[in-house]
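# Examining the three-dimensional arrangement
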Amino acid sequence: MEKRQAGQFAIEQSATPVPAAEREAMVANPGFGKYLTDHMATIRYSAEKGWHDARIGPRENLSLNPSTMVLHYAGEIFEGMKTYRHPDGGAALFRPDANARRFNNSAARLAMAQIPEELFVESVRELARIDQAWIPSEGDGSLYMRPFMIGTEVAIGNHPSDSFLYAVIASPVGSYFKGGVSGVSVWVSEDFTRAAPGGTGAAKCGGNYAAALAAQAEAAKQGCEQVVFLDAVERRWIEELAGMNVFFVFEDGTLQTPPLTGTILPGVTRDSLIQLARDKGMTVHETPYAIDEWRRDIASGKLVEVFACGTAAVVAPISQIKGQGFDLKIGDGGMAPVTADLRKSLTDIQFGRADDPHGWVDRIS
Ligand SMILES: *Cc1c(COP(=O)(O)O)cnc(C)c1O
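Bear in mind the structure is a predicted one, so any value in this text is a computation, not a measurement.

## Observations concerning unusual backbone geometry
We note that Ala74 has phi near 60°; this positive angle belongs to a residue other than glycine. Relative to the helices and strands, Ala74 is located in the loop between α2 (70-73) and β5 (76-78). Phi at Ala111 is positive, roughly 55°, even though this residue is not glycine. Secondary-structure assignment places Ala111 in the loop between α3 (96-109) and α4 (117-130).

## With respect to the packing of helix α6 (residues 268-279) against helix α8 (residues 337-350)
Taken N-terminus to C-terminus, the directions of α6 and α8 make an angle of 110°; their axes are 10 Å apart at the nearest point. Here α8 runs roughly perpendicular to α6, going by the angle between their axes. Each of Thr269, Ser272, Leu273, Leu276 and Ala277 in α6 lies in contact with α8, whose residues at this interface are Leu342, Ser345, Leu346 and Ile349. In terms of residue class, the contact of α6 with α8 is made up of 6 nonpolar, 3 polar and no charged.

## Thoughts on the packing of α3 against α4
Axis separation between α3 and α4 bottoms out at 9 Å; the angle between their running directions is 125°. Relative to α4, the element α3 lies oblique. Judged by the twist between their axes, the crossing of α3 over α4 is right-handed. Mapping the contact onto sequence places Pro96, Asp97, Asn99, Ala100, Arg101, Phe103 and Asn104 in α3 and Glu117, Phe120 and Val121 in α4. Considered class by class, the residues forming the contact of α3 with α4 number 5 nonpolar, 2 polar and 3 charged.

## Remarks on the site of the ligand
Taken together, 15 residues sit near the ligand, with Lys204, Tyr209, Glu240, Thr269 and Thr311 positioned nearest. Interatomic distance of 2.5 Å between a side-chain N/O atom of Tyr209 and an oxygen atom of the ligand. The separation between an oxygen atom of the ligand and a polar main-chain atom of Val268 is 2.8 Å. Here the ligand has 380 Å² of accessible area as a free molecule, and 97% of this is covered by the chains. Under a 2 Å grid-point criterion requiring more than half of the atoms, the pocket assigned to the ligand is the largest pocket.

## Here we look at the pairing of strand β1 (residues 3-6)
Note: β1 against strand β2 (residues 9-12), 4 bridges, orientation antiparallel. The residue bridging Ala6 from the neighbouring strand is Phe9, located in β2.

What counts, and where the lines are drawn
- Residues numbered from 1 in each chain as written.
- Predicted model: local features only at pLDDT ≥ 70, side-chain atom pairs only at ≥ 80, totals over all residues.
- Heavy atoms only, no water.
- Helix = DSSP H or I, 4+ residues; strand = E, 2+ residues; numbered from the N terminus.
- Axes fitted to C-alpha atoms, helices over the stretch in contact; angles between N-to-C directions.
- Parallel < 35°, antiparallel > 145°, perpendicular 65-115°, else oblique.
- Contact = heavy atoms within 4.5 Å.
- Nonpolar A, V, L, I, M, F, W, Y, C, P; charged D, E, K, R; others polar.
- Left-handed = near helix turned anticlockwise from the far one by under 90°.
- Near = heavy atom within 4 Å.
- Polar contact = N/O pair within 3.5 Å; in protein donor to acceptor, adjacent residues only side chain to side chain.
- Areas by Shrake-Rupley, 256 points an atom, 1.4 Å probe, with all protein chains shown as cover.
- 1 Å grid on protein atoms, 1.4 Å probe; cavity = no way out; pocket = protein on both sides within 12 Å on 5 of 7 lines; lining within 4 Å.
- Sits in = over half its atoms within 2 Å of the grid points.
- Pairing = 2+ DSSP bridges.

Nothing here speaks to function; it is all geometry.
This is how it looks when you write it as structure tokens:
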């Protein structure tokens, strides 16, 4: 087993990697999140020692005392980003510094330890490097990177954990939605909300996802693929999907997306698309949009495109919106022109096919 040191990380190659032929078959047809790579990054935190034992090693199971705090009080946060294969055979991350900042904002909200941004970014870079052979080079494929952190204090009492495990795993992925880039149907939930003012809506924590599953199940029962949440106070303003932000495109060419008021997750994709749209001279309003406006503007033809966005699915058109007493179609179910143009501009930068005017691309090889 090869062992070496890279910066703060002790690196140990797996002695039992997946055989090359098997790995190549997985990477050629990865699905989404089905396979994990050979290695993982781990870093420990304790109140006495601070961050220590930074390591890239063989991926292995975690062993936890049954009273470990995360198992009872959901002290867990995570991130999601991708490593993209570039035309010259190298690879790059996309804005990992933005994920590092957001990770620490999530940590602050859940009373968890702050990790130095550089240590976070290095952990993702080193894992992507050691598992480079797992980065797909066909189509929209990429290597999905999943940093996460859990409270590991062994205690049944409920207080901020005094120790944490930070880890990164990676999974080769293809298209997020089975239908590729055809339109997604959404169900407007009246029974459930995702986040309230003062709550954890802006933190990327597993608890938010657990709390959205009943709404997601309701959407599925209604024949929809995703749920769209309204604000918790007036039950009128569109917020986002369970794991994606949402944009509206009007016939006059302007774009609108709900503002970041603390109940919406500040997506890196959302932020990048706002910038790219403005670069193209488009007007983007970060202002609230109501469900009654949504219904009215579809009927009048003022609203011409709607799309969801996030790292996993990139940009996905929304072609049907359904709720209590209404069922409306938008467009022809495919990728409309503004949605397609923004998706192409973003993915061209991520995959190294276009210039990177904002310094978003982070080469790892
Ligand atoms: C992760 C996430 C998004 C998308 O964020 P990106 O940084 O664009 O991947 C949107 N909404 C929620 C609730 C999320 O957890």
